[in-house]
Amino acid sequence: MTGGHATGSTGHAFDDAGLGALRRGALDVAPLLLNAVVATEVDGERVAVRLTEVEAYEGARDPGSHGYRGRTARNSALFGPPGTLYVYFTYGMHFCANIVCGGDGVASAVLMRGGEVVEGRAVAAARRRSPARERDLANGPAKLAQALGLDRRHDGAVLGTAAATPGTAAATLGGVAARPPAGMMRGPRVGVSGPGGGDAYAWRFWLPGEETVSRYRAAVARPPRGAAK
C-alpha cells in the first residue's frame, strides 16, 4: 500500500496554490488531482483518500455534463466557485462527488472516480459495510463518496471550511500537483453514452497499476420509454 501519501491528523491544507490550480478548466485540473488527497471529517470521524482516477466534465460544451443544459436547483453547486463540492444522487441509491473548478458559474468539475484510503480505514470500512478487499473501499465514485461520508447534505460545501453543524463535512484537499504525473493514462469516461461518450471525450484520467482504478465499461444507450424492443 502507499499510505505514505497521507499526513498526520492535522490534515491537508487547501492552500493558495491548490486554489489557484482549481481556477483552470476541468480538463487541465483533472490530471493534477491524481495523487492528491481529499480528506473529510464527518461527525468527528476523519477519512482521507488519495485519488487514483478522475473524470473531467466541462459544462455547456460537454453533453455528458450535468451542467450542459444550464443551472437548476438540483445542480446549482456545480456552478459554484472553484473548490465547491458538487454531490449528486444517482440510480436511486448512490451519491457521487465532484470538485468544482474553473470560473464561478461555468459548471466545470472533476468527478472523483476512485482512490486509496490512506487514513481512517476502519471508519471507511464501517461506512462501506466492510468489503472483503481493502482496494474495494473506494474503487468507484459511489464507493469513494461513501467512504468519505459524503452525501446530499454536503452538496455545496467548500473545501477548506470547517463543519458548521453535525452531519456536515469539513473537507480539505492537499497535494495538488504542478504538472500531470508521469505515465498517466487517459481514455473515455465510464458510463457516459451518446454525444458525450466514447473516444471523442477521452476525459478520464488514471494512474496505471493502481488496484483502486475501476474497469472501463462502455455505456449502453437506453431506448426511449415506450419504444419498440
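As shown above, the structure is provided for reference.
Being a predicted model, the structure only gives us computed values, none of them experimental.

## Thoughts on the overall build of the protein chain
Link 1 in the chain: Each helix and strand counted, the protein chain has 4 helices and 8 strands in total.
Link 2 in the chain: Reading the protein chain from its N terminus to its C terminus gives the helix and strand order α-α-β-β-β-β-β-α-α-β-β-β.
Link 3 in the chain: Per-residue burial for the protein chain yields a buried fraction of 50% across its 229 residues.
Link 4 in the chain: Contacts in the protein chain between residues at least 24 apart in sequence constitute 63% of all its contacts with a sequence separation of at least 6.
Link 5 in the chain: By element, 52% of the accessible surface of the protein chain is carried by carbon and sulfur atoms, the whole surface being about 11,000 Å².

## What to know about the side chain of Arg50
Link 1 in the chain: Examined against the element boundaries, Arg50 turns out to sit in strand E2 (residues 45-58).
Link 2 in the chain: The exposure class of Arg50 is buried, given its relative accessible area of 1%.
Link 3 in the chain: Within the structure, the side chain of Arg50 is placed 2.7 Å from the side chain of Asn35, a separation counted as a polar contact.

## Concerning the pattern of salt bridges
For side chains of opposite charge, pairing can occur when their charged atoms come near one another.
Link 1 in the chain: One pass over the structure, following the stated rule, counts 14 salt bridges.
Link 2 in the chain: Between Arg61 and Glu58 there is a salt bridge, with the nearest N and O atoms lying 3.7 Å from each other.
Link 3 in the chain: A salt bridge links Glu211 to Arg135; the nearest nitrogen and oxygen atoms lie 3.7 Å apart. Note that Glu211 is positioned in the segment after strand E8 (204-206) and Arg135 in the loop between helix H3 (121-127) and helix H4 (141-148), a separation of 76 residues in sequence.

## Brief notes about the side chain of Arg128
Link 1 in the chain: Looking at the secondary structure, you find Arg128 in the loop between H3 and H4.
Link 2 in the chain: One buried charged residue, Arg128, remains without a salt bridge, the closest side chain of opposite sign being Asp136 at 6.5 Å.
Link 3 in the chain: Within the structure, the side chain of Arg128 is placed 3.1 Å from the backbone oxygen of Leu137, a separation counted as a polar contact.

## Remarks on unusual backbone geometry
Phi is mostly negative for residues that are not glycine, and the peptide bonds are mostly trans.
Link 1 in the chain: Even without being a glycine, Asn35 presents a positive backbone phi close to 80°.
Link 2 in the chain: Note on placement: Asn35 falls in the loop between helix H2 (26-32) and strand E1 (37-42).
Link 3 in the chain: In the Ramachandran plot, Ser130 falls in the positive-phi region, its phi being about 55° despite a non-glycine side chain.
Link 4 in the chain: Considering the arrangement of structural elements, one finds Ser130 in the loop between H3 and H4.

## Section: the environment of Arg189
Link 1 in the chain: Turning to its location among the elements, Arg189 is positioned in the loop between strand E7 (185-187) and E8.
Link 2 in the chain: When the C-alpha positions of Arg189 and Tyr201 are compared, they lie 7.0 Å apart, and in sequence the two are 12 residues distant.
Link 3 in the chain: Residues contacting Arg189, with those up to four places away along its chain left out, are Glu55, Ala56, Tyr57, Asp62, Gly64, Gly196, Tyr201, Trp203, Arg204 and Tyr216.
Link 4 in the chain: Among the polar contacts made by the side chain of Arg189, one reaches the main-chain carbonyl oxygen of Ala56 at a distance of 2.9 Å.

Conventions adopted
Residues numbered from 1 in each chain as written. Predicted model: local features only at pLDDT ≥ 70, side-chain atom pairs only at ≥ 80, totals over all residues. Heavy atoms only, no water. Helix = DSSP H or I, 4+ residues; strand = E, 2+ residues; numbered from the N terminus. Buried < 20%, exposed > 50% of the residue type's maximum accessible area, 1.4 Å probe, protein only. Contact = heavy atoms within 4.5 Å. Areas by Shrake-Rupley, 256 points an atom, 1.4 Å probe, with all protein chains shown as cover. Polar contact = N/O pair within 3.5 Å; in protein donor to acceptor, adjacent residues only side chain to side chain. Salt bridge = Lys/Arg side-chain N within 4 Å of Asp/Glu carboxyl O. Lys, Arg positive; Asp, Glu negative; His and termini not counted.

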